[in-house]
Amino acid sequence: MWSLPASEGESATAHFFLGAGDEGLGTRGIGMRTEESDSELLEDEEDEVPPEPQIIVGICAMTKKSKSKPMTQILERLCRFDYLTVIILGEDVILNEPVENWPSCHCLISFHSKGFPLDKAVAYSKLRNPFLINDLAMQYYIQDRREVYRILQEEGIDLPRYAVLNRDPARPEECNLIEGEDQVEVNGAVFPKPFVEKPVSAEDHNVYIYYPSSAGGGSQRLFRKIGSRSSVYSPESSVRKTGSYIYEEFMPTDGTDVKVYTVGPDYAHAEARKSPALDGKVERDSEGKEIRYPVMLTAMEKLVARKVCVAFKQTVCGFDLLRANGHSFVCDVNGFSFVKNSMKYYDDCAKILGNTIMRELAPQFQIPWSIPTEAEDIPIVPTTSGTMMELRCVIAIIRHGDRTPKQKMKMEVTHPRFFSLFEKHGGYKTGKLKLKRPEQLQEVLDITRLLLAELEKEPGGEIEEKTGKLEQLKSVLEMYGHFSGINRKVQLTYYPHGVKATNEGQEDLPEALTPSLLLVLKWGGELTPAGRVQAEELGRAFRCMYPGGQGDYAGFPGCGLLRLHSTFRHDLKIYASDEGRVQMTAAAFAKGLLALEGELTPILVQMVKSANMNGLLDSDGDSLSSCQHRVKARLHHILQQDAPFGPEDYDQLAPTGSTSLLNSMAVIKNPVKVCDQVFALIENLTHQIRERMQDPKSVDLQLYHSETLELMLQRWSKLERDFRQKSGRYDISKIPDIYDCVKYDVQHNGSLGLQGTAELLRLSKALADVVIPQEYGISREEKLEIAVGFCLPLLRKILLDLQRTHEDESVNKLHPLYSRGVLSPGRHVRTRLYFTSESHVHSLLSVFRYGGLLDETQDAQWQRALAYLSAISELNYMTQIVIMLYEDNTRDPLSEERFHVELHFSPGVKGVEEEGSAPAGCGFRPASSEVGPSSMENLCPGKASDEPDRALQTSPQPPEGPGLPRRSPLIRNRKAGSMEVMGGAWEKEVVKLLIGQYL
């Protein structure tokens, strides 16, 4: 606490008076109330006569503001200046008395709020001409967002791209609005969703954010805080049709806003809070106050604060900053506002205001006053370092959560309408086109309906497309009654000489020499409620990976990771492929990781990056490389032999000696005989479903995730048709789909009691455990070649993430006063989360296993890790590969002991296999020989529930035991296994890990 010296022989007592209209109450200091009148109070203070001359500081505001806790705290400190006397103009005075009757003052602190007579305050300032702390005329502009943005633009301050829609009959040229499905055009400026819609009046806090249909549509409606809510999600996607608004580009801020408070041009206090647009839940502390964390502004942001303060002529001024894409944007200027619950800010604010007033007015009152020379800005303390290693970077590659069965239909199309559609959307640029948006899917449906209508009129006409395929296309596109880009998509690929049937394994595709398009319709594959819970639970458990996050991951939400994130010490970015299930998994994970609430759509839009990633996480599963074609053909040839597997088959199919592969082949024995059994079981299953549909009791039966018996029959009937071809041979590519479907029904629809599903699950899993991993290569060389084709961009990105962690220190930092107990508070933890599909996870593991990272003959730990991977038969939902980089700041930067890299792996949620069938891992830190294999209970990230509709949950409690090395703050969260790369400079290990001979 600072204090001001009193002049010699004078008291340092400050004086504080209330103006007329507040029942004549006087107060000496703050908080000392008396029933005497002002004159009586002065008579009683003959021994404490205020020093002469006195500078009168008037406070002119509504009572709610002038008597608020922050104002009271600041005025109490301001009164410690010897020559300052503070008076508060009572609300009754400013509302009901003419300005001529208002008490006179030399300095006026006056600001607008609801109900405040700004016109009278302006008239008073013209009458008395006091020194204004905050300019009054500019406060008219602050009430109009259009003027605020105009001034910001004139000052060269970055703000989101925007356009103004004025619904003013006198200015019709400013009211041109064209609304589309996923965009609006305002006076010629196009704003794709997500965009923000703000009323032009700054007093109207009903700000709406509209989301694209690909993310689920709807809007988030922000409002002035009511209890613990500051926004609510609405399914309404149309913009408002009355009133004037500003439309602006939505800025992705990773879910955190920055509130900046200036006190003069050279001081700015900044706080971070959870964005109200994220889930609408206001985080509050034990006293019911909104949780905010002080943060440090960059040099550029301090310059912006100075510009805002000067441009709006508001000494005390609050404004909002959005940190997005490496830049800072001002999105709102609030005018006079104080920080809440910060003693340091109250001290600084009163000191600066007192000095400002004395600097301006002391000379004309002949008051001896020397301007203090001490720095008024917050000091930056040196960073600390300790002997424990500091977590610098966490990189996770995660498969999506539980989903509905994926379904796919292929057909060759040659009708001119399809070619016109292909050209309209730029398909000829790359030869491929992906259609997901509702209006695009509607175009495909319109063409399909038209062709079916023409075929009905002229069955033998020129239309070459098959009626059955068109009917199925129409049926799928009409499902659900509306379009959402998350659950259906159409892909078109151009073939200049026609589609070759052999490429697709479809005997009924005609081979032609004329150009054609391969139309692939995909549907299903939606993230289930169980998948959302899995992702959210894993996100919550993932907090334990960070310092301060140990213990019960579901406990108090203010643990280490949440503090890191809110103070911008946590450099978090979440990436997802363009698949809806992957994006929703990422959003649900973020919800759990950051303790968010509400719908996933706002979280998805603000937190998850999925656009323009140049194939980082996406792969075109319908465009195979030449190596994949060779592998697939060889795999089909081996599995079409109607004979038991012999030594030659084992050599051809399992040259890597994978334990899980050998076990599955032992179960299969004769692949054709097993396929016969599988086909018979499918036939029996479809027969049972048809019988169940005839049962009157099953008419309104609802299966999991709103599926019906009819839809269930459709997906099984399609597999029945597609699995055994007309030649009697089996289409091996359908095996993963069969396993996918039966696993889904056993887990979620077990209550139906269908016979034979357990045996179908056992046999299809054995086949799938051969087909799925071997489709990514049979030999080591093939696995690496295919892996690099899938994940080379991702490998390069991971390497870049680690390099930037090592090199980049120009990041947002934690305020030093709030960083006690945190190693290196001036530095950050970089987290990069990549959500993707099974193909990328398989490929990345192939690089780790076969890329020559370490010599397993010379490294026992690596040998155990590879043995564990070899025993894993399935990379289930929520499979994780985690790379963690630690740094010991006490070591020489070039020392082998400076950096520590760890690899961790989990095969995801526990499946529907028998208890105890999953392999046991090597423990969390298997580098120590004292750490033996853990029990299955400790290894499984999720345990199959007896209730089929219940999610598979993670269990993050750390194991006990003396063998865990204490080299980093990480606590194990019961992953199903762990690989680790210990020691060595990161350049040596990570480059070897990620690049090998391929980058």
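For the structure, check the block above.
Now for a quick tour of the structure. (Residues numbered from 1 in each chain as written. Predicted model: local features only at pLDDT ≥ 70, side-chain atom pairs only at ≥ 80, totals over all residues. Heavy atoms only, no water.)

**Focus: the packing of aromatic side chains**
For the structure shown, the criterion picks out 25 aromatic pairs. Here tyrosine 211 and tyrosine 233 contribute two aromatic rings whose centre-to-centre distance is 6.4 Å and whose plane-to-plane angle is 20°, an arrangement assigned as stacked. Taken together, the residues span a long stretch of sequence, with tyrosine 211 in the loop between strand S13 (208-210) and strand S14 (219-226) and tyrosine 233 in strand S15 (residues 229-234) at a distance of 22 residues. An aromatic cluster is built from Phe111, Tyr267, Phe336, Phe338, Tyr345 and Tyr346, whose rings are joined through pairwise contacts. In this arrangement the basic side chain of arginine 161 is found over the ring face of phenylalanine 191, its NZ or CZ atom lying 4.3 Å from the centre. (Phe/Tyr/Trp six-rings, centres within 6.5 Å; stacked < 30°, edge-to-face > 60°. Helix = DSSP H or I, 4+ residues; strand = E, 2+ residues; numbered from the N terminus. Lys NZ or Arg CZ within 6 Å of the ring centre and 35° of its normal.)

**Overview of helix H18 (residues 626-639)**
With 14 residues, H18 extends 20 Å from end C-alpha to end C-alpha; this agrees with the ideal 20 Å at 1.5 Å per step. Residues of H18 that are buried: Cys627, Gln628, Val631, Leu635, His636, Ile638 and Leu639. Considered in projection along H18, the buried side chains sweep an arc of 165° and stay on one side of the axis. Across H18 from its buried face, at more than 90 degrees, point the exposed residues Ser626 and His637. (Expected span 1.5 Å × (residues − 1). Buried < 20%, exposed > 50% of the residue type's maximum accessible area, 1.4 Å probe, protein only. Arc of directions from axis to C-beta.)

**Thoughts on the sheet that holds S15**
Spatially, six strands are ordered S8-S16-S12-S13-S14-S15 in an open sheet, and the strand pairing comes out antiparallel. Two strands lie at the open edges of the sheet, namely strand S8 (162-165) and S15, each paired on one side alone. Going across the sheet, the axis of each strand differs from the next one's by a mean of 20°, ignoring polarity. Where S8 lies against strand S16 (residues 245-249), four bridges are found, and the strand directions are antiparallel. Across the sheet, tyrosine 162 pairs through a bridge with glutamate 248, a residue of S16. (Pairing = 2+ DSSP bridges. Axes fitted to C-alpha atoms, helices over the stretch in contact; angles between N-to-C directions.)

**Structural notes on the sheet that holds strand S23 (residues 406-413)**
Backbone hydrogen bonds are what pair the strands of a sheet, in a parallel or an antiparallel way. Here four strands make up an open sheet; going across it, the order is S23-S26-S25-S24 and the pairing antiparallel. Edge strands, defined here as strands with exactly one partner in the open sheet, are S23 and strand S24 (432-435). Taking the axes of each pair of neighbouring strands and ignoring which way they run, one obtains an average angle of 15° across the sheet. In the sheet, strand S25 (residues 488-495) pairs with strand S26 (residues 516-524) via eight bridges, with the strands oriented antiparallel. Paired with tyrosine 494 across the strands is leucine 517, a residue of S26.

**Examining the nonpolar core**
Nonpolar side chains tend toward joint burial in soluble globular proteins. Counting residues in each nonpolar core, the largest one holds 48 residues, and the members touching the most others are Val678, Trp716, Phe723 and Leu760. For this core, the secondary structure elements donating two or more residues are H18, helix H20 (659-668), helix H21 (671-694), helix H22 (709-723), helix H23 (735-748), helix H24 (757-774) and helix H25 (780-807). In terms of residue count, the dominant contributor to this core is H24 (nine residues). In contact with phenylalanine 723, not counting residues within four places along its chain, are Cys675, Val678, Phe679, Ile682, Arg729, Tyr730, Asp731, Lys734, Ile735 and Ile738. Counting 46 residues, the second largest nonpolar core, distinct from the first, contains Ala215, Ile398, Leu596 and Val605. (Core = buried A, V, L, I, M, F, W, Y, C linked by side-chain atoms within 4.5 Å. Contact = heavy atoms within 4.5 Å.)

**Quick notes on helix H26 (residues 838-850)**
Counted at 1.5 Å a residue, the expected span for H26 with its 13 residues is 18 Å, and the 18 Å between its end C-alpha atoms agrees. Burial analysis of H26 places 12 of its 13 residues in the buried class, which makes it a mostly covered element. Every buried residue belonging to H26 is among Glu838, Ser839, His840, Val841, His842, Ser843, Leu844, Leu845, Ser846, Val847, Phe848 and Tyr850, and all of these are buried. Directly after H26, the chain includes glycine 852, whose backbone phi takes a positive value near 75°.

**Section: unusual backbone geometry**
In this structure, proline 194 follows lysine 193 across a cis peptide bond, with omega equal to 5°. Secondary-structure assignment places proline 194 in the loop between strand S11 (189-192) and strand S12 (195-199). The phi dihedral of histidine 705 is positive, around 60°, even though this residue is not glycine. Mapped onto the elements, histidine 705 comes out in the loop between H21 and H22. Given a relative accessible area of 31%, histidine 705 falls into the partly exposed group. The phi angle at serine 706 is positive, at roughly 65°, despite the residue not being glycine.

**Comments concerning the pattern of salt bridges**
The full count for this structure, using the stated rule, is 35 salt bridges. With a shortest N-O distance of 2.9 Å, glutamate 759 and arginine 762 are connected by a salt bridge. You can see glutamate 759 and its partner arginine 762 sitting in helix H24, three residues apart, about one turn around the helix. Its relative accessible area of 45% is what places arginine 762 among the partly exposed residues. One salt-bridge network, in which partners are shared between bridges, spans Lys743, Lys765, Asp769 and Glu874. (Salt bridge = Lys/Arg side-chain N within 4 Å of Asp/Glu carboxyl O.)

**Focus: a positive patch on the surface**
A grouping of Lys64, Lys65, Lys114, Arg224 and Lys340 is seen on the molecular surface, where their side chains present a positively charged patch. For lysine 340, the location among the structural elements is in the loop between strand S21 (327-335) and helix H9 (343-361). Judged by its relative accessible area of 53%, lysine 340 is exposed. (Patch = residues over 30% accessible without salt bridge, like charges linked within 9 Å, V, L, I, M, F, W, Y side chains within 5 Å. Areas by Shrake-Rupley, 256 points an atom, 1.4 Å probe, with all protein chains shown as cover. Lys, Arg positive; Asp, Glu negative; His and termini not counted. Charge placed at Lys NZ, Arg CZ, Asp CG, Glu CD.)

**Focus: empty space enclosed by the protein**
With the rule as written, the count across this model stands at eight cavities of 30 Å³ or more. If you go around the largest cavity, you meet 20 residues; those closest to its centre are Pro773, Lys783, His842, Arg849 and Ile872. For the lining of the largest cavity, the secondary structure elements donating two or more residues are H20, H24, H26 and helix H27 (860-871). Looking at the lining of the largest cavity element by element, the count peaks at five residues for H26. Looking at the lining of the largest cavity residue by residue, the class counts come to eight nonpolar, eight polar and four charged. Both domains that furnish three or more residues to the lining of the largest cavity are identified here as domain 3 (380-401 + 530-619 + 780-791 + 817-906) and domain 5 (657-775). (1 Å grid on protein atoms, 1.4 Å probe; cavity = no way out; pocket = protein on both sides within 12 Å on 5 of 7 lines; lining within 4 Å. Points joined across faces, edges and corners; volume = space filled by probe spheres on them. Nonpolar A, V, L, I, M, F, W, Y, C, P; charged D, E, K, R; others polar. Domains from an automatic or database assignment.)

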